[in-house]
Amino acid sequence: MSAWVLFLTVFLACAVEAVEALTVVLAAGTARHWGSALQGMFAALALLAVTVAALGPAVGSIPLAPLRLVVGALLLVFGLQWLRKAILRGSGHKALHDEDRAYRRELAAAQAAGTGGRGRVHDWYAFTVAFKGTFLEGLEVAFIVVTFGANQHDLPVAALGAAAAVAVVAALGVAVRAPLARVPENTVKFVVGTMLTSFGLFWATEGTDAHWPGGDAALLAVVPATALLALACTGLLRRTEGRPL
């Protein structure tokens, strides 16, 4: 995998998680207290940075074949989950993930909660909500960075892709002060799910000491084949819309 492909894959996957985390932070800041929400967000980012720094060398010390088998299997499960949701949403069997609606729900919950602070945190509720939202979504970002980076022996490029995604989403969030509801999230999830599933299948197979024809070039066939299969499933399920699955 070239550095640019690694960067783009990590960027897209992390951008989806960043949008979801941003929705929570914006709701906590708008309804409660911006200072406390930002404190919670930065505290979560600091903890995530320590997690990635600790896990990166540990994962990188594992022999390549077992690493690819484990990472490939995990990515395959992770990617298939994303792809399954994207297929169900694309076929009409599952409601599209609406960031604007999620934002309003988080906003209402924040406005209804009690007040109070602790120490230097003016509003503990806003801090906690922003921390949890950032940390939980960030754990998925950390997983993507560590697994992709360690498997390709290029953790800096993977980390750069994640940092770029977070920076772009954060900048857009600051600019519009609203959830990125216009982002075609299901399309992004479909693309990322296809990529993660394809890489998971590729690496898990190599982890069993099997070899793909053409080496890494086989991905040029695996990725389109996965996408076509997913599109075919979407089209097939769309015909059964309204019927019980």
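Quick caveat, the model's predicted, so the values are computed rather than measured.

## Overview of the overall build of the protein
Helix and strand counts for the protein come out as eight helices and zero strands. Across the protein, helices and strands are ordered from the amino to the carboxyl terminus as α-α-α-α-α-α-α-α. Relative to its full complement of 245 residues, the protein shows a buried share of 44%. For the protein, the proportion of contacts with a sequence separation of at least 24, taken over those separated by at least 6, is 83%.

## Considering the layout of surface pockets
In this structure, the largest pocket spans a volume of roughly 600 Å³. Residue lining of the largest pocket: 28 residues in total, with M41, L45, T134, V166 and A170 positioned closest to the centre. Take the lining of the largest pocket: its biggest share by element is eight residues, from helix α6 (residues 155-176). Broken down by class, the residue content of the lining of the largest pocket amounts to 22 nonpolar, three polar and three charged.

## Quick look at the UniProt feature "transmembrane region" (unreviewed entry) in the protein
As recorded in UniProt, the sites labelled "transmembrane region" (unreviewed entry) are residues 37-58, 65-83, 155-176, 188-205 and 217-237. Taken end to end, residues 188-205 is 100% helix and 0% strand, and its first and last C-alpha atoms sit 26 Å apart.

## Focus on the nonpolar core
Core analysis: the largest hydrophobic core is formed by 36 residues, its most contacted members being V10, C14, I144, V145, F148 and W203. Elements with a contribution of two residues or more to this core: α1 (3-31), α3 (64-90), α5 (124-151), α6, α7 (185-207) and α8 (219-239). What I144 contacts, discounting residues up to four positions off in sequence, is V10, A13, C14, F78 and G149. By size, the runner-up hydrophobic cluster in this structure holds eight residues, among which are V24, V25, A37 and A130.

## Some remarks on the packing of aromatic side chains
Scanning the entire structure with this criterion turns up five aromatic pairs. Between W4 and F7 the ring centres are 6.0 Å apart and the planes differ by 75 degrees, which places this aromatic pair in the edge-to-face class. In this pair, W4 and F7 both sit in helix α1, three residues apart, roughly one turn of the helix. Seen in terms of ring centroids, F202 and W212 are 5.6 Å apart; in terms of plane orientation they differ by 20 degrees. Their pairing is stacked. Of the two residues, F202 is situated in helix α7 and W212 in the loop between α7 and α8; the sequence distance between them amounts to ten residues. F202 sits in the buried class, given a relative accessible area of 1%. Residue W212 is classed as partly exposed on the basis of its relative accessible area, which comes to 22%.

## Quick look at the packing of α1 against α5
Where α1 meets α5, the axes come as close as 8 Å, and the angle between the chain directions of the two elements is 175 degrees. Relative to α5, the element α1 lies roughly antiparallel. Along its contact with α1, which presents L6, T9, V10, A13, C14, E17, E20, A21, V24, V25 and A28, the element α5 presents A126, V129, A130, G133, T134, E137, E140, V141, I144, V145 and F148. Tallied by class, residues from the contact of α1 with α5 come to 15 nonpolar, three polar and four charged.

Analysis parameters
Residues numbered from 1 in each chain as written. Predicted model: local features only at pLDDT ≥ 70, side-chain atom pairs only at ≥ 80, totals over all residues. Heavy atoms only, no water. Helix = DSSP H or I, 4+ residues; strand = E, 2+ residues; numbered from the N terminus. Buried < 20%, exposed > 50% of the residue type's maximum accessible area, 1.4 Å probe, protein only. Contact = heavy atoms within 4.5 Å. 1 Å grid on protein atoms, 1.4 Å probe; cavity = no way out; pocket = protein on both sides within 12 Å on 5 of 7 lines; lining within 4 Å. Points joined across faces, edges and corners; volume = space filled by probe spheres on them. Nonpolar A, V, L, I, M, F, W, Y, C, P; charged D, E, K, R; others polar. UniProt positions renumbered as here; feature names shortened; annotations may be inferred. Core = buried A, V, L, I, M, F, W, Y, C linked by side-chain atoms within 4.5 Å. Phe/Tyr/Trp six-rings, centres within 6.5 Å; stacked < 30°, edge-to-face > 60°. Axes fitted to C-alpha atoms, helices over the stretch in contact; angles between N-to-C directions. Parallel < 35°, antiparallel > 145°, perpendicular 65-115°, else oblique.

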